Structure formats: structure tokens, C-alpha cells
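Topology and contacts: notes
One-letter residues, chain by chain:
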Amino acid sequence: MEFILVDPQARQHVALIRLNRPKELNALNLQLMGELRDALRQLDEDEQVRAVVLTGNERAFAAGADIKQMAGKTAIDMLLADQFATWDQIRKTRKPIIAAVSGFALGGGCELAMTCDMIIASETALFGQPEIKIGVMPGAGGTQRLTRAIGKAKAMEMVLTGRFMTAAEAEKRGLINRVVPVELYLEEALKLAEEVAQMSPVAARLAKEAVNRAFETQLDEGLHFERKNFYLCFASDDQAEGMSAFIEKRKPRFKGR
Ligand code: CAA
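Note that the coordinates shown come from a computational prediction; the quantities given were computed from them, not determined experimentally.

Definitions and cut-offs
- Residues numbered from 1 in each chain as written.
- Predicted model: local features only at pLDDT ≥ 70, side-chain atom pairs only at ≥ 80, totals over all residues.
- Heavy atoms only, no water.
- Phe/Tyr/Trp six-rings, centres within 6.5 Å; stacked < 30°, edge-to-face > 60°.
- Buried < 20%, exposed > 50% of the residue type's maximum accessible area, 1.4 Å probe, protein only.
- Lys NZ or Arg CZ within 6 Å of the ring centre and 35° of its normal.
- Axes fitted to C-alpha atoms, helices over the stretch in contact; angles between N-to-C directions.
- Helix = DSSP H or I, 4+ residues; strand = E, 2+ residues; numbered from the N terminus.
- Parallel < 35°, antiparallel > 145°, perpendicular 65-115°, else oblique.
- Left-handed = near helix turned anticlockwise from the far one by under 90°.
- Contact = heavy atoms within 4.5 Å.
- Nonpolar A, V, L, I, M, F, W, Y, C, P; charged D, E, K, R; others polar.
- Domains from an automatic or database assignment.
- Buried area = accessible area lost by both parts, 1.4 Å probe.
- Salt bridge = Lys/Arg side-chain N within 4 Å of Asp/Glu carboxyl O.
- 1 Å grid on protein atoms, 1.4 Å probe; cavity = no way out; pocket = protein on both sides within 12 Å on 5 of 7 lines; lining within 4 Å.
- Points joined across faces, edges and corners; volume = space filled by probe spheres on them.
- Patch = residues over 30% accessible without salt bridge, like charges linked within 9 Å, V, L, I, M, F, W, Y side chains within 5 Å.
- Areas by Shrake-Rupley, 256 points an atom, 1.4 Å probe, with all protein chains shown as cover.
- Pairing = 2+ DSSP bridges.
- Arc of directions from axis to C-beta.

Turning next to the packing of aromatic side chains. Tallied over the entire structure, the rule returns 3 aromatic pairs. Look at Phe230 and Phe234: their rings are 5.4 Å apart centre to centre, the planes differ by 65 degrees, and that puts the pair in the edge-to-face class. Looking at Phe230, the relative accessible area reads 48%, which means it is partly exposed. What makes Phe234 partly exposed here is its relative accessible area of 41%. The cationic tip of Lys133 hangs over the ring face of Phe164; the distance from NZ or CZ to the ring centre is 5.7 Å. A cation over a ring is seen here: Arg213 above Phe225, with NZ or CZ 4.0 Å from the ring centre.

Moving on, we get to the packing of helix H5 (residues 108-115) against helix H6 (residues 142-150). Two elements in contact, H5 and H6, have axes whose closest approach is 10 Å; the angle formed by their N-to-C orientations is 60 degrees. Taken together, H5 and H6 sit at an angle that is classed as oblique. By crossing handedness, the relation of H5 to H6 is classed as left-handed. Mapping the contact onto sequence places Glu111, Met114 and Thr115 in H5 and Gly142, Arg145 and Leu146 in H6. Here the contact of H5 with H6 is built from residues that sort into 2 nonpolar, 2 polar and 2 charged.

It is worth spelling out the packing of H6 against helix H7 (residues 152-161) at this point. It is at 7 Å that the axes of H6 and H7 come closest, and there the two elements cross at 140 degrees. Put simply, H6 runs oblique to H7. In this structure, H6 crosses over H7, and the sense of that crossing is right-handed. Contact residues: Leu146, Thr147 and Ile150 in H6; Lys152, Lys154, Ala155, Met158 and Val159 in H7. Among the residues forming the contact of H6 with H7, the class breakdown is 5 nonpolar, 1 polar and 2 charged.

Taken domain by domain, the protein chain comprises domain 1 (4-197) and domain 2 (201-247). Look at where the C-alpha atoms of domain 1 and domain 2 centre, and you get two points 26 Å apart. Between domain 1 and domain 2, the contact holds 9 residues from the first and 7 residues from the second. Between domain 1 and domain 2, roughly 670 Å² of surface is buried when both sides are summed, and carbon and sulfur atoms account for 51% of that area. One can count 2 salt bridges joining domain 1 with domain 2. Here Lys208 ties to Asp117 by a salt bridge, and the two come within 2.8 Å at their closest N and O atoms.

Attention now goes to the layout of surface pockets. The volume enclosed by the second largest pocket comes to roughly 580 Å³. Along the wall of the second largest pocket there are 25 residues; nearest its centre are Ala65, Met70, Glu131, Val136 and Met137. When contributions to the lining of the second largest pocket are tallied by element, the ones reaching two or more residues are helix H2 (67-70), helix H3 (75-81) and H5. Grouping the amino acids of the lining of the second largest pocket by side-chain chemistry returns 16 nonpolar, 5 polar and 4 charged.

The subject of this paragraph is a nonpolar patch on the surface. Taken together, Phe230, Tyr231, Phe234 and Met243 make up a surface patch of nonpolar side chains, about 460 Å² in accessible area. Relative to the elements of secondary structure, Met243 occurs in helix H12 (residues 237-247). Classification of Met243 as partly exposed rests on a relative accessible area of 43%.

This paragraph deals with the sheet that holds strand E6 (residues 104-106). In spatial order, the strands read E4-E6-E8-E9; together these 4 strands make up an open sheet with mixed pairing. Taken across any chain shown, the strands that pair with only one partner, and hence form the sheet edges, are strand E4 (60-62) and strand E9 (165-166). Sheet topology note: the E4/E6 ladder contains 2 bridges and is parallel. The partner of Ala62 across the bridge, within E6, is Ala105.

This next bit is on H6. Buried residues of H6: Gly142, Leu146 and Ile150, and no others. Buried positions in H6, seen along its axis, are confined to an arc of 20 degrees and lie on one side of it. At its buried positions, H6 is contacted by H5, H7 and E9.

Right, let's talk about the pairing of strand E7 (residues 118-122) for a bit. On any regular strand, side chains alternate: one points to one face of the sheet, the next to the other face. With 4 of 5 residues buried, E7 is to be regarded as a mostly interior element. Where strand E5 (residues 97-101) lies against E7, 4 bridges are found, and the strand directions are parallel. Bridged to Ala99 within E7 is Ile119. Judged from the 3 bridges that link them, E7 and strand E10 (residues 178-180) form a sheet pairing that is parallel. Across the sheet, Ile120 pairs through a bridge with Arg178, a residue of E10.

Okay, here's the thing in C-alpha cells:
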């Protein structure tokens, strides 16, 4: 891996992926996105991993898709390369992913953070979809996920003006989980991941899938999907263990079965 660093056991059952093109503010070129897809696929298969934290560095989570790599492309080049197909595979990661964001999360960087399941931000984080300023528009889910997260009026403003949103505003509007001082954002994300990793991995997978359905379906279908996954939990040993442990007033020992 050239552009990302992977620690599969940063904490117990928690993997850490760091985007690592610091000079280019972690601009997301095709190779980096391919590496990220491969790493997530591997971690998704790794039984020791129950949650993943995705981070950049203090100055930038990621400043967007690599403009230099895209600048000379035609529409047909873009269509045939279909670079965002990689993102579909990232979206399909079954384990919970928490973005730890500091500094710039712009364009594809904001979209990547929103593709994760939760976002912890440092107080220096800036979120934005500034593609309009370079004559294009968001292409990796920004118009959809931002609108669902913060509502039409604010999303429209960000997409049409390219203006950035501070971490404090992003928290107020429900785009992110919380803001912490810059020296704590990674630790806070790792702690949150550790908390998730203590739960039943079976239940976490089914629950993540069901929450995501809220974005993809009408209420009726979403409720039906949730109910089916809830019933499915009862096919797992973790359900029996979790409920017994509660009744016996002890900590559960989840096995992911
Ligand atoms: N692609 C390629 N290179 C980038 C980049 C990007 N998205 N963002 C920053 N860089 C590079 C800069 O070109 C610069 O490289 P050089 O030192 O070789 O010149 C280096 O990173 C540092 O950047 P700056 O000197 O510009 O740093 P700054 O502090 O002055 O500004 C910034 C920071 C405001 C984030 C500015 O870099 C910027 O506006 N970046 C582009 C943001 C953007 O438009 N993102 C959307 C991209 S399109 C997209 O993402 C489509 C999609 O939907 C997936």
C-alpha cells in the first residue's frame, strides 16, 4: 500500500486506516481509492476486526478527488473509467466505520466521511462540497448524503456556493456525531470504535444494514427490513449470550456467531 497505512489491531478488535498523501492533502487519486477498497475488503473478512476507524492527518482528512488526475479527462474517459464504482464497494463494507476528521474534508473527502457510519471531528475540521468552484459538482454521493443529513436548504447552499461548514455547525446540523479538541479527535473515534467492538458483531452488522436501509427505501419497506433483521438476531449465539448475561448480571462474551 503506497497511499494508506493500515493497522488491523490499533485497539482490541479495532482497525485503523490512515490516508497517507499528506503533501497533496490526501487528495483521493484512483490508486489511493483502490487501496482503500482492498484494505476494507480484507478487514471486513478479518474475524479479529469488529470496527474500523478511517482518518487522515491533522491538516486534512482529504481535500477531495485528485483534480490533477481528472483535469484532462473527457466525459467518455470518466464514464469508461467509472471511478466511483470503487466507492460502491467501500459503501458495502459490513463492519461499522468511523471517520476521524481533522482539517479539510472537501469534495470527495466530505463524501468519503459521509460514506462512513459515524463522524468524529476535531474543532478545526471543515466540511464542504466546493466542486462548483472548479466547474463540476459532487459525484460520489454528496448531493444525496449531505441533503439527507442537513436538509435541502443548507445542502443546496453548500453545493451551489461551495462554502465550507465548520465542525461546530456540522455538529449542530447533525452531519457529524461530535466535535472534540484537535488533540483528541482520533482518540475519541478509537474509543467509540472500541465501544462498538464490544457489541455482538452479528447484531452490529444487521443493525448497520438496517439503519442504512432508512436512506434507500420508503418507510414501509425499511420497517419490514428492520423487523426481519431483528428476528434474524435470534439465530445467533450472541443473542442468547447477550440476554443471558443481562439476566445473570454479568458482562456478555460475544463471539460473532
Ligand atoms: N486534488 C489534487 N491536488 C490537491 C487537491 C485536490 N483535490 N487539494 C489540494 N491539492 C494539492 C495542491 O494542489 C497543493 O499541491 P502543490 O503543493 O503541488 O501545489 C497541495 O495539495 C496543498 O494544497 P494548497 O497549496 O492549495 O493548500 P491551501 O492550504 O492553500 O488550500 C485547500 C487548501 C483550500 C483545501 C485547497 O487545496 C483546495 O481548494 N483544494 C481543492 C478542494 C476541492 O475543490 N475539492 C473537490 C475536488 S473534486 C471532487 O472531489 C469530486 C467528487 O465529487 C469526488
